[in-house]
There are 10 protein chains.
Amino acid sequence: MLTKDDVTMKILEAKKAAGLGWEDIAEKIDMSPVFTHSACVGMNAFPADKAAALGELLSLSDEAVEVLTESPTKNFAQTVPTDPCIYRFYEIVGVYGPTLKALIHEKFGDGIMSAIDFDMTVERVENPKGDRVKIEMSGKYLAYNAW
Amino acid sequence: MLTKDDVTMKILEAKKAAGLGWEDIAEKIDMSPVFTHSACVGMNAFPADKAAALGELLSLSDEAVEVLTESPTKNFAQTVPTDPCIYRFYEIVGVYGPTLKALIHEKFGDGIMSAIDFDMTVERVENPKGDRVKIEMSGKYLAYNAW
Amino acid sequence: MLTKDDVTMKILEAKKAAGLGWEDIAEKIDMSPVFTHSACVGMNAFPADKAAALGELLSLSDEAVEVLTESPTKNFAQTVPTDPCIYRFYEIVGVYGPTLKALIHEKFGDGIMSAIDFDMTVERVENPKGDRVKIEMSGKYLAYNAW
Amino acid sequence: MLTKDDVTMKILEAKKAAGLGWEDIAEKIDMSPVFTHSACVGMNAFPADKAAALGELLSLSDEAVEVLTESPTKNFAQTVPTDPCIYRFYEIVGVYGPTLKALIHEKFGDGIMSAIDFDMTVERVENPKGDRVKIEMSGKYLAYNAW
Amino acid sequence: MLTKDDVTMKILEAKKAAGLGWEDIAEKIDMSPVFTHSACVGMNAFPADKAAALGELLSLSDEAVEVLTESPTKNFAQTVPTDPCIYRFYEIVGVYGPTLKALIHEKFGDGIMSAIDFDMTVERVENPKGDRVKIEMSGKYLAYNAW
Amino acid sequence: MLTKDDVTMKILEAKKAAGLGWEDIAEKIDMSPVFTHSACVGMNAFPADKAAALGELLSLSDEAVEVLTESPTKNFAQTVPTDPCIYRFYEIVGVYGPTLKALIHEKFGDGIMSAIDFDMTVERVENPKGDRVKIEMSGKYLAYNAW
Amino acid sequence: MLTKDDVTMKILEAKKAAGLGWEDIAEKIDMSPVFTHSACVGMNAFPADKAAALGELLSLSDEAVEVLTESPTKNFAQTVPTDPCIYRFYEIVGVYGPTLKALIHEKFGDGIMSAIDFDMTVERVENPKGDRVKIEMSGKYLAYNAW
Amino acid sequence: MLTKDDVTMKILEAKKAAGLGWEDIAEKIDMSPVFTHSACVGMNAFPADKAAALGELLSLSDEAVEVLTESPTKNFAQTVPTDPCIYRFYEIVGVYGPTLKALIHEKFGDGIMSAIDFDMTVERVENPKGDRVKIEMSGKYLAYNAW
Amino acid sequence: MLTKDDVTMKILEAKKAAGLGWEDIAEKIDMSPVFTHSACVGMNAFPADKAAALGELLSLSDEAVEVLTESPTKNFAQTVPTDPCIYRFYEIVGVYGPTLKALIHEKFGDGIMSAIDFDMTVERVENPKGDRVKIEMSGKYLAYNAW
Amino acid sequence: MLTKDDVTMKILEAKKAAGLGWEDIAEKIDMSPVFTHSACVGMNAFPADKAAALGELLSLSDEAVEVLTESPTKNFAQTVPTDPCIYRFYEIVGVYGPTLKALIHEKFGDGIMSAIDFDMTVERVENPKGDRVKIEMSGKYLAYNAW
């Protein structure tokens, strides 16, 4: 029985062999690059048609395509991420978390931004002082309502 | 000697008494709401002129104004934040962290998005299915260069 | 400036003096016992009218009533709860967590039960072999949708 | 010697091949879906007759059927579950744990809800604003008695 | 408002002044020494009559007597106890835990020994090679029953 | 080279094949059930004659018999045990640890109960309200003596 | 009611005022320097006569003298000590722990060195290449005996 | 490529086959038993001539002999050691650590005992009340000097 | 598919066979020894020309050379490093971290030293009292700027 | 009795009142800025003459001056530092720790760089692409010698 990890490994091999980037793959199966990568590394499930499209693009087996559509178990390997690129986002949550909370409460009331009904983009913005990474997150506001 | 915590407490009291929101304060001292809140709760340092403006707006003492300009020590109280509003951002880093890393590497090369040379906005976006929180982050790309 | 903890302490004193139970208070302010207790111990915010009703019932100050309506920061004191009554619920999540996940996925698809758009009741059910605690939770299903 | 994990793997394969859901299997062996799944993933022991019924349904070996009836060791893989679907239940225990304790004490006295003499159901409830997950737990009340 | 800790402090002072041991106190209020000490240090609740008897014996205030009857929150200060006398019991659970589990399963089936419907005694047993501590625990067996 | 784990596995297989319980084995080699199980799962060392007796009973190889007599390294897999049957003992140490310490100090002076010069029994006690698990521990008292 | 910490503070003040070292104090009350310091900082209990002698030497109150004879609760403040002088001992246990265990087993059989029936000295040894710290520990061997 | 672990395994096998103890081996290669064992289990590096002598004694391959001379990475498997024989040393550091620090400071000034320029012996001392383990540590004193 | 770990293993074998040191390799491919080692053990990515040079020097396969140029995921195996040589650097950060922060703030303002735009050298400095390790770090200063 | 923390607080107040930087203070008492700051915040002990000089410069009391010369206990508040300026040094140890170890071993043999017989400087280096922080560490090499 193939696991999500097995299928990720197959995708990485096929992607390397084909010389494709994540944005190329995302464009060819018409899904956002963030969700495409996330589902390819087993942190999200593919819709059936997108799984089929990816399977065709990278010549995956039927079983692999089916595995891609299964609900994943999202275990984070490290409580505090050590990779510097990922740690910086953890640091942003640590430093600016209370600020995000205060501004969400001011604009909406007592509640949260959903991390499920959620989407995100990553872009490169040219800048003469050094190019910048631009990240946009959008999540549905959910209110704590008394009952 | 006043600590950063003492000054935060004074600001919260004055803000409550004046009936001002964080966005109101930010506008009056002409600084972004995110940085304004962050510096008011002691996670960032105010530039001298902004500290003075805030001091005037909220009638803070000279010592308090000076404390606002000092470099803070940024200790996060919890390794894994438990507040649901802040936890969702931690979860996003856990679920999408490897994806952010992969896309940054694809677009820029081996490096990171700076969390220091960094800015962020929080907005409310109306939506018939439920309004959404929109967050934009922008940080300078820093490359790992061989030496 | 009163904190949430200060107000909780005042409520516990007034409740004890008045000889009221949580269900009595909940009934008098017409809100569920679970949400009433949760908001009284500072883990949720009162709607303004309920805060006013509670203030009148227990003779709280205007400042205390206002504090009750503020958005709380929900910090859990212990990563693994040690109190045996609370630990049993942690154990249920540990033992049956994967089962809850599997059944939610089977009935709904890839997603979660919201802990924000959520309500809960606690009841005593008579039983000749020993009375039972009955807990009912209801939370909105939120789907992970590809984008 | 087959381990519980080996048998779980065999069940998952046979279930996938047969195109059965957990509720289908539970119905066919006449046991609740929660306990059925829980025992299939090795967190509970099957009664002998139910193990036999499952073995027949999924064509498991005699050894596998016997393993299903053995007492399991219930190790939770993660102190704080990271999977968002399971984390939400952990969050509920964190946010509402003191409330559950207070209401149990008010209704019963000093004691706990058993997590052993315990059962649970998961249902889908239709709702025009979005369907809801309904969970019902029932556990025997156990009192701390002085001796 | 008196806390459980305040009352414990008062009991320790009164006990020291009266020159009484825990066994003396237990005998005078006719409750076991283990439960008596446990309730005096705030890890268990006194039945009303025993609280009254202790109050009379040690001249505690009415409020203190009432506090003794309240349900305690049992927080363990240390995940791994460091005091050598307590650590040895932790070590016994570590070394012999799987053995206790195996023998309980062999004698009863899949289940546990309750730590709630539970009692314990501590005795000194004379022995020419060095006196021994004898501890007897008795807890109700609770079975995991399928449903 | 056989490890303790390898030998445990062989014992479990042979025990299953022979249809023997731990108490049966203990009786046949004339050693207590607690120590027998503990040594079989590699948490204690067998005396040479008992290892030989077990080897004969279960047809173990000479190398396996020798491994049984080696001093084990006692690593606990989990800081806080999650299995409910074992956790209850951890909870008892948490809730009643300070009580055990206080009573040992009262009866003996400043010291501990040894967990090395130690023995333990587990029994089933019939009870009309539900049978009970009875555990008896006996450990040598060791005093802290000034030097 | 004086705590052990209060008494330690008084001893440190009196010692400083008197200009005495730990070895001076130890000599005057005729107890080893290690046990003297350990009992003064509340990690061990004084025998009654030694407490009286120390009380006289440093002019402590009767209550303080009595507190010195009580059994202490030995909580270590840090799981991994960070002070470099103490950390080096932790490192020695980490690096040479398996070696100490192997040599004790080779010389004695399966058992441990007691940390209760235990004494220790610290000496300065002159050495032309730099003076050395010499530490001698002596603890009773305790055997794991089958029962 | 042989790892340190591979070589340790070979040494343990050869030692068992030859019926040698650690002290026998140490004597034959003329190195202390503590360092010999420590280097055999991969926590220290052998000097080249000692590695050669051990290789000859136990008939190790040339590659194994070379591996013995490499600098090891000293990872401790457990933050708090659970094996009772090793834990007792951890407990000694916890209970007597501040005492060791105070006496070193009194005898030498502000500094530490080196754990690198360090040696240790383990001996059995006969004693009619039960034999004792005697451990002698000697480490160079290193001072914190202002600069 | 070769992983970074596989390639590290090949490099270590080839380096051993060739009898080369890290400084030799660094010199031959004209890159600093620190970055060379770091990239060889998979904590940094090689520039393409340096990877090619290393591949030629050590006869690595084309696939291995390509793997060397990929962005690594930098996971630290231990939160607190236990190896004494690495721990000393952790200790320096613990003891002198607040000092480094204070001096950077005094010389530059509120900001940090980059660990990405960063380089480092390690040298041996002869000294009659014992040779010394000299480490030089240079990192770009990054300021927290208000926005 | 003044603690190290009390004295640090007095120094910070006096320094602020006098408008002195750490480098100014260091120069006036003729000690390095790193050691001066470190000793002022209680992580190191002042030599007697330097404590006297600082006392004169900042008008500290005699007791404060004496406290400055006492051996400190160096407890790190956080296992993983969260302040971004200090975290970067932790990250450097994580990423480059194995490299530092490998190069030290190559240049010296099996051993460490002392963190006690150690000194450090921090400098600002002008650079047209952005000024850089330059840190130089020098520590005595200590060898692991067999015994």
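Because the structure is predicted, anything quoted here is derived from the model rather than measured.

Regarding the overall build of chain A
And step 1. Within chain A, the secondary structure is distributed over six helices and two strands.
And step 2. Its helices and strands in sequence order give chain A the pattern α-α-α-α-α-α-β-β, from N to C terminus.
And step 3. When its C-alpha atoms are laid out on the principal axes, chain A stretches across 50 × 50 × 30 Å.
And step 4. In chain A, buried positions account for 59% of the 147 residues.
And step 5. A sequence separation of at least 24 residues applies to 48% of the contacts in chain A between residues at least 6 apart.
And step 6. Of the roughly 5,600 Å² of accessible surface on chain A, a fraction of 47% belongs to carbon and sulfur atoms.
And step 7. Both charge centroids of chain A, one from 15 positive and one from 23 negative side chains, sit 7 Å from each other.

A closer look at the interface of chain B and chain J
And step 1. At the junction of the two partners, chain B supplies 12 residues and chain J supplies 11 residues.
And step 2. At the boundary of chain B with chain J, total buried surface from both sides reaches about 990 Å², with 57% on carbon and sulfur atoms.
And step 3. Looking at the side of chain B facing chain J, the largest losses of area belong to B:M1, B:K74 and B:F76, adding up to 49% of the total buried there.
And step 4. The interface formed by chain B and chain J holds one salt bridge in total.
And step 5. In this structure, J:K16 and B:E70 form a salt bridge, with 2.9 Å as the shortest nitrogen-oxygen distance.
And step 6. Counting the contacts that link chain B with chain J gives four residue pairs in polar contact (both at pLDDT 80 or more).
And step 7. Tallied by class, residues from the side of chain B that touches chain J come to seven nonpolar, two polar and three charged.

Quick look at helix α4 (residues 48-58) of chain J
All names here are of chain J.
And step 1. Among the residues of α4, those classed as buried are K50, A51, L54, G55 and L58. The buried residues of α4 all sit within an arc of 140 degrees when viewed along its axis, so they share a single face. In α4, the exposed residues that point more than 90 degrees away from the buried face are A48, D49 and E56.
And step 2. Against α1 (4-18), α2 (22-29), α3 (33-40) and α5 (62-68) lie the buried residues of α4.
And step 3. Remark: S59 follows α4 within two positions and exhibits a positive phi of approximately 55 degrees.

Details of the arrangement of the chains
And step 1. At their nearest point, the C-alpha atoms of chain C and chain H are still 19 Å apart, with no contact between the two.
And step 2. Left apart from each other, chain F and chain I have a closest C-alpha approach of 17 Å.

Some thoughts on the relation of the copies chain B and chain J
And step 1. The two copies are related by a screw motion: chain B maps onto chain J through a turn of 72 degrees and a shift of 0.0 Å along the axis, at an RMSD of 0.0 Å. With respect to symmetry, the two chain copies, as superposed, fit the operation of a five-fold axis. For chain B, the minimum C-alpha distance to the rotation axis belongs to B:T79 and amounts to 8.9 Å.

Looking at the relation of the copies chain B and chain A
And step 1. The transform that puts chain B on chain A rotates by 180 degrees and translates by 0.0 Å along the axis, for an RMSD of 0.0 Å. The transformation relating the two chain copies, once decomposed into turn and shift, fits a two-fold axis. Nearest to the rotation axis, the C-alpha of B:E136 is located 2.3 Å from it, this being the minimum over chain B.
And step 2. The overlap is high: 100% of the interface residues of chain B also sit at the interface in chain A, so the same surface is used on both sides.

Details of the side chain of J:S138
And step 1. For J:S138, the position within the fold is in strand β2 (residues 132-143).
And step 2. Ignoring sequence-local partners within four residues, the contact set of J:S138 consists of I:R132, I:V133, I:K134, J:D117, J:F118 and J:D119.

Remarks on the pattern of salt bridges
And step 1. Taken as a whole and judged by the stated rule, the model has 80 salt bridges over all chains.
And step 2. The partner of B:E23 in a salt bridge is A:K107, with the nearest N and O atoms 2.4 Å apart. Highlighted residues: B:E23 in helix α2 (residues 22-29) and A:K107 in helix α6 (residues 84-108), drawn from two different chains.
And step 3. Its relative accessible area of 32% is what places B:E23 among the partly exposed residues.
And step 4. Note that G:R88 and I:E91 form a salt bridge whose closest N and O atoms lie 2.7 Å from each other. Taken as a pair, G:R88 in helix α6 (residues 84-108) and I:E91 in helix α6 (residues 84-108) lie in two separate chains rather than in one.

Remarks on the sheet that holds strand β1 (residues 111-125) of chain J
And step 1. The sheet built from four strands is open, its strands ordered β1(I)-β2(I)-β2(J)-β1(J) with antiparallel pairing. Strands with a single pairing partner mark the edges of an open sheet, and in this sheet they are β1 (111-125) of chain I together with β1 of chain J. With strand direction ignored, the average angle separating the axes of adjacent strands in the sheet is 20 degrees.
And step 2. Note: strand β2 (residues 132-143) of chain I against β2(J), nine bridges, orientation antiparallel. Counted as the bridge partner of I:K134 is J:S138 from β2(J).
And step 3. α6(I) contacts β1 and β2 of chain I together with β1 and β2 of chain J of the sheet and is inclined by roughly 20 degrees relative to β1(J).

Here we look at helix α2 (residues 22-29) of chain G
And step 1. Every buried residue belonging to α2(G) is among G:W22, G:I25, G:A26 and G:I29, and all of these are buried. Looking straight down α2(G), one finds that the buried residues subtend no more than 100 degrees of arc, so they occupy a single side. Set apart from the buried face of α2(G) by more than 90 degrees, the exposed residues are G:E27 and G:K28.
And step 2. Tucked inside the fold, the buried residues of α2(G) contact α1 (4-18), α3 (33-40) and α4 (48-58) of chain G together with α6 (84-108) of chain H.
And step 3. Positive phi shows up at G:D30, right after α2(G), with a value of about 60 degrees.

A word on the packing of aromatic side chains
And step 1. Scanning the model with the defined rule gives 80 aromatic pairs over all chains in all.
And step 2. Relative to I:W147, the ring of B:F35 lies with its centre 5.1 Å away and its plane at 65 degrees, an arrangement referred to as edge-to-face. Taken as a pair, B:F35 in helix α3 (residues 33-40) and I:W147 in the segment after β2 lie in two separate chains rather than in one.
And step 3. Under the relative-accessibility criterion, B:F35 is labelled buried at 1%.
And step 4. Just above the ring of I:Y144 sits the side chain of B:K74; from NZ or CZ to the centre is 3.0 Å.

Reading guide: rules and limits
Residues numbered from 1 in each chain as written. Chains lettered and ligands numbered in written order. Predicted model: local features only at pLDDT ≥ 70, side-chain atom pairs only at ≥ 80, totals over all residues. Heavy atoms only, no water. Helix = DSSP H or I, 4+ residues; strand = E, 2+ residues; numbered from the N terminus. Buried < 20%, exposed > 50% of the residue type's maximum accessible area, 1.4 Å probe, protein only. Contact = heavy atoms within 4.5 Å. Areas by Shrake-Rupley, 256 points an atom, 1.4 Å probe, with all protein chains shown as cover. Lys, Arg positive; Asp, Glu negative; His and termini not counted. Charge placed at Lys NZ, Arg CZ, Asp CG, Glu CD. Buried area = accessible area lost by both parts, 1.4 Å probe. Salt bridge = Lys/Arg side-chain N within 4 Å of Asp/Glu carboxyl O. Polar contact = N/O pair within 3.5 Å; in protein donor to acceptor, adjacent residues only side chain to side chain. Nonpolar A, V, L, I, M, F, W, Y, C, P; charged D, E, K, R; others polar. Arc of directions from axis to C-beta. Least-squares fit on C-alpha atoms with pLDDT ≥ 70 in both. Pairing = 2+ DSSP bridges. Axes fitted to C-alpha atoms, helices over the stretch in contact; angles between N-to-C directions. Phe/Tyr/Trp six-rings, centres within 6.5 Å; stacked < 30°, edge-to-face > 60°. Lys NZ or Arg CZ within 6 Å of the ring centre and 35° of its normal.

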